[in-house]
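Chain residues, written in single-letter form:
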Amino acid sequence: MEIAPPFPASEALQEAPATPPRFAPPYCAPQEAAERLRQRGFALLDASGTAHWSGAAPQALQALARAWDDLPPDDYLLDGGSYRRRRHASFEVQAGAIRPVAPRAHWQPVQYNALHGGIERWFGPVLPEVLAAPAWRMLVGALGALCDAVFAPGAPGVRWFVEAHQFRIDAAGGIGRPTPEGAHRDGVDLVAVFLVERGAIKGGETRVFEAASPAGQRFTLAEPWSVLLLDDARMVHETTPIQPLCPGDPQARRDTLVLTWRRGGFQGPGL
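For the structure given in this document, a descriptive report is provided here. (Residues numbered from 1 in each chain as written. Predicted model: local features only at pLDDT ≥ 70, side-chain atom pairs only at ≥ 80, totals over all residues. Heavy atoms only, no water.)

## A few points about the overall build of the protein chain
Within the protein chain one finds five helices and twelve strands. Over its C-alpha trace the protein chain gives a radius of gyration of 17 Å, about what one expects of a compact globule, namely 18 Å for 271 residues. With an accessible surface of roughly 11300 Å², the protein chain has 55% of that area assigned to carbon and sulfur atoms. Here the protein chain contributes 26 positively and 29 negatively charged side chains, and the mean placements of these two sets differ by 2 Å. (Helix = DSSP H or I, 4+ residues; strand = E, 2+ residues; numbered from the N terminus. Rg over C-alpha atoms; globule rule 2.2 N^0.38 Å. Areas by Shrake-Rupley, 256 points an atom, 1.4 Å probe, with all protein chains shown as cover. Lys, Arg positive; Asp, Glu negative; His and termini not counted. Charge placed at Lys NZ, Arg CZ, Asp CG, Glu CD.)

## A few points about the packing of aromatic side chains
According to the stated counting rule, one finds six aromatic pairs in the structure shown. Ring plane angle 75 degrees and centroid distance 5.5 Å describe the contact between Tyr-76 and Phe-123, whose orientation is recorded as edge-to-face. Taken as a pair, Tyr-76 in the loop between α3 (58-64) and β2 (84-94) and Phe-123 in the loop between β3 (97-100) and α4 (128-131) lie far apart in primary sequence, 47 residues in all. Given a relative accessible area of 26%, Tyr-76 falls into the partly exposed group. Judged by centre distance (6.5 Å) and plane angle (70 degrees), the rings of Phe-151 and Trp-160 are edge-to-face. Neither Phe-151 nor Trp-160 differs from the other in exposure class; each is buried. A cation sits over an aromatic face here: Arg-86 above Phe-123, 3.9 Å from the ring centre. (Phe/Tyr/Trp six-rings, centres within 6.5 Å; stacked < 30°, edge-to-face > 60°. Buried < 20%, exposed > 50% of the residue type's maximum accessible area, 1.4 Å probe, protein only. Lys NZ or Arg CZ within 6 Å of the ring centre and 35° of its normal.)

## A short note on the side chain of Arg-104
Among the structural elements, Arg-104 can be located in the loop between β3 and α4. For Arg-104, a relative accessible area of 17% translates into the label buried. Of note is the side chain of Arg-104, whose polar atom sits 3.2 Å from the side chain of Ser-90. The contacts of Arg-104, once residues within four sequence positions are left out, are His-88, Ser-90, Trp-122, Glu-163, Phe-266 and Gln-267. (Polar contact = N/O pair within 3.5 Å; in protein donor to acceptor, adjacent residues only side chain to side chain. Contact = heavy atoms within 4.5 Å.)

Structural data, given as structure tokens:
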């Protein structure tokens with residue numbers, strides 16, 4: 001593992017360099033993901049690994065990606081930007097069964113999100129046809145099995161409280177910030193970040209480091225449907241700003257699907 005000092009939250013607000021370095025993600029085989037999570041606190045699968053691990057055909061995943069063309073604006077950005085679009089869904093998973101939850105606000109404490117913490121944020125819901133898509137359900141099922149194996153071994157029937165976020169970071173007009181809150185944790189057990197599409201951009205380097213030490217690694221996700229899996233209690237993460245390769249290019253964007261898994265209930269003001 002590359003050793004580096006912690007990345008300050010303020011760095012996430014700096015402009016992407018003109019010629020950013022591109023470090024290859026340290027992918028592992030699907031059967032190694034659980035052990036990587038236990039040993040290192042994170043694991044990465046490439047696109048073929050995600051398809052094999054989840055059982056979802058690559059063509060089905062690519063078809064699912066079309067849903068990112070219909071995301072409403074995120075009206076809660078407090079950095080003054082208008083570069084983010086998103087949808088949100090909540091559901092519970094137990095023993096492989098997925099139970100939808102009525103639309104609810106997304107809420108994080110300030111200790112995990114210094115920019116947007118303490119605010120009830122209501123986003124447009126993930127569309128029903130997306131939630132019903134077999135590829136979506138396969139991804140959720142694979143993540144549920146992983147959470148059971150890594151975070152609740154020997155305790156069958158754990159109820160997981162899951163939030164899903166469809167994100168589009170649009171850089172056609174300039175800088176877009178995938179993590180405007182900077183380097184952070186989410187206050188959950190597992191964070192899964194799927195890269196859905198990377199358009200004509202520079203920047204967008206992902207950085208993960210141990211919360212309890214200066215050990216960290218940096219890499220750039222570029223393959224659609226590659227995924228970063230994080231033990232959120234152990235790892236801090238961020239993604240650097242993106243810029244268009246050509247100003248005004250409507251393809252200058254970065255689409256991701258983020259799913260967070262938590263035991264004990266959804267985060268909320270009363271918890």
